[in-house]
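Chain by chain, the residues run as shown.
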Amino acid sequence: MIELSRRGVRTALVCSEPFLEMARTQARVFGEPDLSLLVVPHPLGGIPVDDVRARAESALPGLIRLAEKKEQ
Amino acid sequence: MSELAAHLQLPGAGFEADDDFDAVNAHCLERGWTDGLPIVPPTRERVEHMLAYCQRPWNEPVGALAPRYGAATPLAVAANAVMAGCRPEYFPLVLLALEAMCEERFNLYAIQATTHVCAPLLIFNGPIARELGIVSGHGALGPGGHANATIGRAARLALLNIGGAKPGHGDMATYGSPAKYSYCAAENEAASPWEPLHVERGFAKEASTVTVIAAEAPHNVNDHESVTAAGILKTMAGNMSIPGFNDIFQPVSQPVVLFGPEHAATVAAGGYSKADVKKHLHEHARIPFNRFSDENVERRLRKRKKWVDAPLDTLVPICRAPEQLTIVVIGGAGKHSAFIPTFGDTQSVTRALARADGRDALSIAELRR
């Protein structure tokens, strides 16, 4: 993810709430503290496929905002 | 004054605390620098003493420990080895184990950060393990063996303090593992009917090696009745045929079969080589589709092209090929063995203790500075 970001690819990391702190720490470790993070409700595993789709749909507007923000 | 001694006096090279066991422990515990147990205060003198068995430059990392990618310099590792209670002569083994964990195929980043319960299992082979008294017989996996307890603990403290594997922050293991305190043993080569692990992997018998394996805690296999190889292997295969561990789903997985010496002797007496045991267990430790949940069948097993339309009595092997099984003989008397699943997306790494000239070290004295 960090490597993609460094290569100029617009990048956002999708993670659920319990992993947010770790994601922030890792972004700092890899020297990209401002890496865009897109937080979705936990969990992602062990839920019906329709619920996974619902999470993706709910995250989409945020993803679009991040993409637009990066473009500016 | 040596360069090291001068470095240790620099501001920031260490920390100041009252010269008191309880004060140092309170300081370290408060900062999250321990595994929760008391530590030996890593004083300048103790750290220097630890480095007496390090022929590498004390400030050149042997690797970067994920997920923080902290530099595992001999100096930093030595501080953790002191805290763990290691004797200086154990230090080359701690360093070697960490170096092995930094090989890419071990996949340390994922092992440290995962929600899975794996911990690096350190298995030592060769004469130096015997010289240092690393326990391979009764209680090899604990408690009691000083070298086993402190070498494994030193590796854990380095993974915690240099690697940043703080539970809930850099180590997301759902419920952790008792194996994360220390997970270290020697193979019982004297009681094994087969070639030792390091010889099987191409090292000289006289070499002293560590093998690191990202493993779950052991699950016991009790068989007090079988008197034949077929019987022991049937019980073992039965214990291995369970649907909820990682190895089944990962192409490179190397699940571990730990034989107690008595079970190993019975199996070998039936004419089974290690390769034969692997072949037999791979053929018999299989799980039918219908023992997996419907969701696991649909969302995992059927992702493999050959199983898209497979019937529900299709048998799933616990790893892709017999050679992927790892067999070791550990323990003392008794009719017990163990199955040890792994993280799955990892390959174990074996490395030998080498002298400065690159030759195998035959004694720990050869590794003194």
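Only a predicted model underlies this, so the values are computations on that prediction, with no experimental measurement involved.

Student: I would appreciate a short explanation of the packing of aromatic side chains in the present structure.
Tutor: Between two aromatic rings, the relevant description is the distance of the centres plus the angle of the planes. Tallying each qualifying case throughout the model produces 7 aromatic pairs over all chains. Pairing F30(A) with Y69(B) gives two aromatic rings, centres 5.4 Å apart and planes at 55°, and the pair type is tilted. With F30(A) in the loop between α2 (20-29) and β2 (36-40) and Y69(B) in the loop between β1 (64-65) and β2 (70-71), the pair connects residues from two separate chains. Centre to centre, the rings of F245(B) and F339(B) are 5.3 Å apart; their planes meet at 80°, and the pair counts as edge-to-face. With F245(B) in the loop between α10 (229-240) and β7 (256-259) and F339(B) in strand β11 (residues 336-340), this residue pair connects regions lying 94 residues apart in the sequence. In this structure, F245(B) and F339(B) share a single accessibility class: buried. Across the ring face of W307(B), the terminal group of R304(B) is positioned such that the distance to the ring centre comes to 4.6 Å.

Student: What should I look at first to understand a negative patch on the surface in this one?
Tutor: A contiguous patch of negative charge on the surface is contributed by D18(B), D19(B), D20(B) and D22(B). With respect to the element layout, D19(B) can be found in the loop between α1 (3-8) and α2 (21-30).

Student: Honestly, the interface of chain B and chain A in this entry has me stumped. Any pointers?
Tutor: Size of an interface, as often reported, equals the accessible area lost when the parts are brought together. If you look at the interface, chain B gives 10 residues, while chain A gives 10 residues. Both sides of the chain B and chain A interface together cover about 810 Å² of buried area, and 61% of this is carbon and sulfur. Contact with chain A buries area across many residues of chain B, yet H169(B), M172(B) and R299(B) alone supply 54% of it, more than any other trio. Where chain B touches chain A, the interface holds 0 salt bridges.

Student: For this particular structure, what's the right way to read the sheet that holds strand β10 (residues 326-329) of chain B?
Tutor: Sheet strands line up and pair through hydrogen bonds in the backbone, either parallel or antiparallel. Residue and element names in this part refer to chain B. Spatially, the 4 strands line up as an open sheet ordered β6-β11-β7-β10, and their pairing is mixed. Two strands bound the open sheet, and with one partner strand each, they are β6 (219-222) and β10. On average, adjacent strands in this sheet sit at an angle of 25° to one another, irrespective of strand direction. Where β7 and β11 come together, 3 bridges link them in antiparallel fashion. The partner of V257 across the bridge, within β11, is F339.

Student: Explain α10(B) to me, please; I cannot follow it from the model alone.
Tutor: Since the α-helix turns once every 3.6 residues, residues separated by three or four places project in the same direction. Residues and elements named next belong to chain B. An ideal rise of 1.5 Å per residue puts 16 Å on 12 residues; α10 measures up with 16 Å between its terminal C-alpha atoms. Among all positions of α10, only A229, G231, I232, L233, M236, A237 and M240 are buried. Elements in contact with the buried residues of α10: β6, β7, α11 (261-269), α12 (274-284) and β11.

Student: What exactly am I supposed to notice about the sheet that holds strand β5 (residues 209-215) of chain B here?
Tutor: Residue and element names in this part refer to chain B. Across the sheet, 4 strands lie side by side as β4-β3-β5-β12; this open sheet has mixed pairing. Of all strands in the sheet, those with a lone pairing partner are β4 (184-186) and β12 (349-352), marking the two edges. In this sheet, adjacent strand axes meet at a mean angle of 20° when their direction is disregarded. Both β5 and β12 contribute to a ladder of 4 bridges, which runs antiparallel. In the sheet register, T209 faces β12, and the bridge partner there is A352. Contacts between helix α8 (residues 146-161) and the sheet are confined to β3 (119-125) and β4, with β3 contributing the most and set at about 140° to the helix.

Student: In this structure, what is going on with the packing of α10(B) against α12(B)? I would like to understand it.
Tutor: Between two packed helices, the angle of one axis relative to the other and the distance separating the axes together describe the packing. Residue and element names in this part refer to chain B. Where α10 meets α12, the closest approach of the two axes is 9 Å, and the angle between their N-to-C directions is 50°. By the angle class used here, α10 and α12 are oblique. Here the hand of the crossing between α10 and α12 comes out right-handed. Facing α10, whose interface residues are L233, M236, A237 and M240, α12 presents V277, H280, L281 and H284. Classifying every residue of the contact of α10 with α12 by side-chain character gives 6 nonpolar, 2 polar and no charged.

Student: What should I look at first to understand unusual backbone geometry in this one?
Tutor: All names here are of chain B. Between A66 and P67 the backbone carries a cis peptide bond, its omega angle lying at 5°. Considering the arrangement of structural elements, one finds P67 in the loop between β1 and β2. Residue G142 is joined to P143 through a cis peptide bond whose omega torsion reads 0°. With respect to the element layout, P143 can be found in the loop between α7 (127-131) and α8. Positive phi values are uncommon outside glycine, yet Y69 reaches one of about 55°. Classification of Y69 by relative accessible area gives partly exposed; the value is 36%. For N107, which is not a glycine, the phi torsion comes out positive at approximately 70°. Mapped onto the elements, N107 comes out in the loop between α5 (91-101) and α6 (108-113). The class for N107 is partly exposed, based on a relative accessible area of 21%.

Student: Is there a simple way to think about the pairing of β3(B) in this case?
Tutor: Within a regular beta strand, the side chains point alternately toward one face of the sheet and then the other, so they alternate between its two faces. Residue and element names in this part refer to chain B. Burial analysis of β3 places 7 of its 7 residues in the buried class, the great majority of the element. For β3 and β5, the ladder comprises 7 bridges, and the chain directions are antiparallel. Within β5, the residue paired with I123 across the bridge is T211. Pairing of β3 with β4, which is carried by 3 bridges, proceeds in the parallel orientation. Considered in β4, the bridge of I123 is made with A185.

Reading the values: the criteria
Residues numbered from 1 in each chain as written. Chains lettered and ligands numbered in written order. Predicted model: local features only at pLDDT ≥ 70, side-chain atom pairs only at ≥ 80, totals over all residues. Heavy atoms only, no water. Phe/Tyr/Trp six-rings, centres within 6.5 Å; stacked < 30°, edge-to-face > 60°. Helix = DSSP H or I, 4+ residues; strand = E, 2+ residues; numbered from the N terminus. Buried < 20%, exposed > 50% of the residue type's maximum accessible area, 1.4 Å probe, protein only. Lys NZ or Arg CZ within 6 Å of the ring centre and 35° of its normal. Patch = residues over 30% accessible without salt bridge, like charges linked within 9 Å, V, L, I, M, F, W, Y side chains within 5 Å. Areas by Shrake-Rupley, 256 points an atom, 1.4 Å probe, with all protein chains shown as cover. Salt bridge = Lys/Arg side-chain N within 4 Å of Asp/Glu carboxyl O. Lys, Arg positive; Asp, Glu negative; His and termini not counted. Charge placed at Lys NZ, Arg CZ, Asp CG, Glu CD. Contact = heavy atoms within 4.5 Å. Buried area = accessible area lost by both parts, 1.4 Å probe. Pairing = 2+ DSSP bridges. Axes fitted to C-alpha atoms, helices over the stretch in contact; angles between N-to-C directions. Expected span 1.5 Å × (residues − 1). Parallel < 35°, antiparallel > 145°, perpendicular 65-115°, else oblique. Left-handed = near helix turned anticlockwise from the far one by under 90°. Nonpolar A, V, L, I, M, F, W, Y, C, P; charged D, E, K, R; others polar.

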